[in-house]
Amino acid sequence: MTDYTSKIIAEVKAKNPAEPEFHQAVEEVLESLAIVLDKHPEYRSAKILERIVEPERVIMFRVPWFDDQGEIHVNRGFRIEMNSAIGPYKGGLRFHPSVNLGILKFLAFEQVFKNSLTTLPMGGGKGGSDFDPKGKSDNEVMRFCQSFMTELYRHIGPNTDVPAGDIGVGGREIGFLFGQYKRLKNEFTGVLTGKGLNWGGSLVRPEATGFGATYFAQNMLRTKGQDVEGKTFAVSGFGNVAWGAVTKINELGGKVVTISGPDGFVYDKDGIKGEKIHYMLKMRASANDRVKDFADEFKVEFHAGKRPWSVKVDVAMPCATQNELNEENAKELVKNGCICVCEGANMPTTIEGFKVFTSNNILFAPGKASNAGGVGVSGLEMSQNSMRLSWSSEEVDNHLKRIMKSIHDTCVSTAERFGTPGNYVNGANIAGFLKVADAMLDQGLV
Ligand code: NDP
Ligand code: 2IT
């Protein structure tokens, strides 16, 4: 940190109290950028950092809805339009009871750099609600989504802001949201991504984040002359991203021995494969929030209330949520011989955790690089919608592989150019930043 970046972080904390996740995300990025600002005084004089930490716009709204018994509930809805320097705002919607302004600002901030790395023209945004989908009927979820979109529709559009899924928002929710948008605007456009295949969605979008993160891990392992084949993986979470990662790891010849949920983790020494992978989809659709069901179904070990980082594995892929892997977990992974950590979730590793990995020369990929395959294929969905064409699975998957390789190689070359070879965190933060910062300079004081 320099005096200048420390001052900006202090200002962010003073101006945005009670947003610890946002502070953490800003701190992590600014720590990498200190070396860039030394070489590029133009960013400092144009106050790029001061501008980039301030959302272009924050929308916060009331979402009233009726449950099946006719009782009224009120949730809070948000959309953070963080940065549109290189394209329309783009990023997911999260429905989870923990959602608040600070969490969505951290996610929107990360999204700016992630989207910049994808090679596609997308700005950064994020949104969602503290609505808890757990235990809700389809009709309740539909009424909630319709009410949410009744406010959101006036702020978004295919050339303005294009939301998608995240925790608690999958194909079903995107369908209800799209239906309501279409009614209100009388327009059939690519305003959301993650749509159904019959109505403008892209093949491979559901799998894209997990597939992309696994391709990223493969690219990292190859820099050490190794591959996914024959390696043992610990995966956390059991949702969309974890499912995609487990599927692809199996396809590439790796073995996954864990998945996890808020109730604990499953250890399956024979590997999570075949029908067990399919069962993950059922667990997510049930909205029961339990992985113990998996252990009961397949008679494997269940560790209540624990995270999967104590297991001896070659590669760890945290795919559940933010700050689920701390310093102690990181030390345990290193002690057990883990050689690579590749984030599928957004900011799952704490700052102290990733410092343990970097100081032990572990290959470590930050989510904004390694989980960019999801939004990357969302970008491809936007392209297909604009052309009114659909590409084959093979075509989309080839683009996805190319995007992930390009992000990987950009991280490596940028880290090297700025004097920190092998540091994917610096590589991702700096490369993501430079593209956005240069666009902001080109566009004047906005
Ligand atoms: P899902 O809703 O499909 O699954 C989320 C998983 O994380 C579930 O297992 C969920 O269990 C668990 N989880 C959520 N919050 C917590 C919590 N506070 N404590 C413990 N476990 C929790 O979401 P996704 O798979 O889509 O998202 C997972 C991660 O990947 C998130 O960090 C998301 O931001 C990130 N991501 C998602 C992308 C996408 O395209 N979907 C793209 C890039 C990143 P439960 O619901 O029971 O809490
Ligand atoms: O965190 C993410 O990148 C996502 N949730 C996906 C966003 C998108 O627009 O597809």
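An account of the accompanying structure is given in this report. (Residues numbered from 1 in each chain as written. Chains lettered and ligands numbered in written order. Predicted model: local features only at pLDDT ≥ 70, side-chain atom pairs only at ≥ 80, totals over all residues. Heavy atoms only, no water.)

**Digging into the overall build of the protein chain**
Spelled out, the test is: Secondary structure is summarised from DSSP: a helix means a run of H or I of at least four residues, a strand means a run of E of at least two, and numbering begins at the N terminus for each. Here the globule rule reads 2.2 Å times residues to the power 0.38, and the radius of gyration is calculated from C-alpha atoms. For the exposure calls, accessible area comes from a 1.4 Å probe over protein chains only, and a residue counts as buried if that area is under 20% of its type's maximum, exposed if over 50%, partly exposed in between. As used throughout, the charge tally considers Lys and Arg to be positive and Asp and Glu to be negative, leaving His and the chain termini uncounted. To locate a charge, take atom NZ for lysine, CZ for arginine, CG for aspartate or CD for glutamate.
Looking only at helices and strands, the protein chain features 17 helices and 12 strands. Here the C-alpha atoms of the protein chain give a radius of gyration of 21 Å, agreeing with the 22 Å that 2.2 N^0.38 yields for 446 residues. For the protein chain, the spread of C-alpha atoms along the three principal axes comes to 60 × 60 × 45 Å. Burial status across the protein chain gives 57% buried among its 446 residues. Here the protein chain holds 52 positive side-chain charges and 54 negative ones, and the gap between their average locations is 1 Å.

**Some remarks on the pattern of salt bridges**
Going by this rule: We define a salt bridge as a contact between a side-chain nitrogen of Lys or Arg and a carboxyl oxygen of Asp or Glu at a distance within 4 Å.
Under the definition given, this model contains 25 salt bridges. The shortest N-O distance in the salt bridge between Lys-13 and Glu-27 comes to 3.5 Å. Of this pair, Lys-13 sits in helix 1 (residues 3-15) while Glu-27 sits in helix 2 (residues 20-39), and the two are 14 residues apart along the sequence. For Glu-27, a relative accessible area of 24% corresponds to the partly exposed category. The partner of Glu-151 in a salt bridge is Arg-154, and the shortest N-O contact between them spans 3.4 Å. The partly exposed category is assigned to Glu-151, whose relative accessible area is 24%. For Arg-154, a relative accessible area of 48% corresponds to the partly exposed category. One salt-bridge network, held together by shared partners, links Glu-28, Glu-110 and Lys-368.

**Comments concerning the site of ligand 2**
Using the following cut-off: The cutoff for a nearby residue is simple: one of its non-hydrogen atoms must lie within 4 Å of the molecule or strand. Here a polar contact means two N or O atoms within 3.5 Å. Within protein one must be a hydrogen donor candidate and the other an acceptor candidate, and residues neighboring in sequence count only if both atoms are side-chain atoms. Residue exposure ignores everything except the shown protein chains as possible cover, and the areas themselves are Shrake-Rupley values with a 1.4 Å probe. Under the scheme applied here, ten amino acids are nonpolar (Ala, Val, Leu, Ile, Met, Phe, Trp, Tyr, Cys and Pro), four are charged (Asp, Glu, Lys and Arg), and all others, including Gly, are polar.
Taken together, 14 residues are adjacent to ligand 2, and Lys-90, Lys-114, Asp-166, Arg-205 and Ser-378 come closest. Here Arg-205 contributes a side-chain N or O atom positioned 2.9 Å from an oxygen atom of ligand 2. Between Ser-378 and ligand 2, the recorded distance is 2.5 Å, taken from a side-chain N or O atom to an oxygen atom. About the coverage of ligand 2: the protein hides 94% of its 300 Å² of free accessible area. Within the shell around ligand 2, the residues separate by chemical class into 2 nonpolar, 7 polar and 5 charged.

**A look at the nonpolar core**
Cut-off, in case you're wondering: Here, nonpolar core means buried Ala, Val, Leu, Ile, Met, Phe, Trp, Tyr and Cys residues that are tied together by side-chain atoms lying within 4.5 Å of each other. Here a residue-residue contact requires only that any non-hydrogen atoms of the pair lie within 4.5 Å.
Counting 59 residues, the largest nonpolar core has Phe-216, Ile-259, Phe-294, Met-317 and Ile-407 as its most contacted members. Looking at which element gives the most residues to this core, the answer is helix 8 (residues 205-222), with 8 residues. Setting aside residues up to four positions removed in sequence, Met-317 forms contacts with Ala-213, Thr-214, Phe-233, Ala-234, Val-235, Ser-236, Ala-245, Ile-249, Trp-309 and Cys-342.

**Things to note about the pairing of strand 8 (residues 264-267)**
Heads up, the rule is: Note on pairing: two strands pair once DSSP finds at least 2 bridges between them.
Relative to strand 8, strand 7 (residues 255-261) is paired through 4 bridges, and the arrangement is antiparallel. Bridging across to strand 8, Ser-260 finds its partner in Phe-265. In sequence, strand 7 turns back onto strand 8 through a hairpin of 2 residues. Note: strand 8 against strand 9 (residues 301-304), 4 bridges, orientation antiparallel. In the strand pairing of strand 9, Val-266 is matched with Phe-302.

**Description of the sheet that holds strand 5 (residues 161-164)**
What counts, and what does not: Here the axes come from fitting lines to C-alpha atoms, over the contacting stretch only for helices, and the angles between their N-to-C directions go from 0 to 180 degrees.
Strand order across the open sheet formed by 5 strands is 1-2-4-3-5, with mixed pairing between neighbours. Of all strands in the sheet, those bounded by a partner on one side alone are strand 1 (57-66) and strand 5. Each strand axis lies, on average, 20° off the axis of its neighbour in the sheet, ignoring direction. As defined by bridge partners, strand 3 (residues 89-95) adjoins strand 5 across 4 bridges and the pair is classed as parallel. What sits directly across from Tyr-89, in strand 5, is Asp-161. Its contacts with the sheet put helix 6 (residues 138-152) on strand 1, strand 2 (72-83), strand 3, strand 4 (124-129) and strand 5, and the angle it makes with strand 1 is roughly 145°.

**Considerations on the sheet that holds strand 6 (residues 232-235)**
Sheet architecture is open: 7 strands sit in the order 9-8-7-6-10-11-12, paired in mixed fashion. Two strands bound the open sheet, and with one partner strand each, they are strand 9 and strand 12 (363-365). Across the sheet, the mean angle from the axis of one strand to that of its neighbour is 15°, orientation sign disregarded. Against the sheet, helix 8 makes contact with strand 10 (315-317), strand 11 (340-342) and strand 12, and its axis sits at roughly 150° relative to strand 11, the strand it touches most. Sheet strands touched by helix 9 (residues 240-251): strand 6, strand 7 and strand 10. Its angle to strand 7, the strand with the most contacts, is close to 170°.

**Brief notes about helix 13 (residues 351-359)**
Every buried residue of helix 13 is accounted for by Ile-351, Gly-353, Phe-354, Val-356 and Phe-357. Each element contacted by the buried residues of helix 13 is listed here: helix 2, helix 12 (327-335), strand 11, strand 12 and helix 17 (424-442). Asn-361, located one to two residues past helix 13, shows a positive phi value of around 55°.

Geometric values such as these leave the question of function open.
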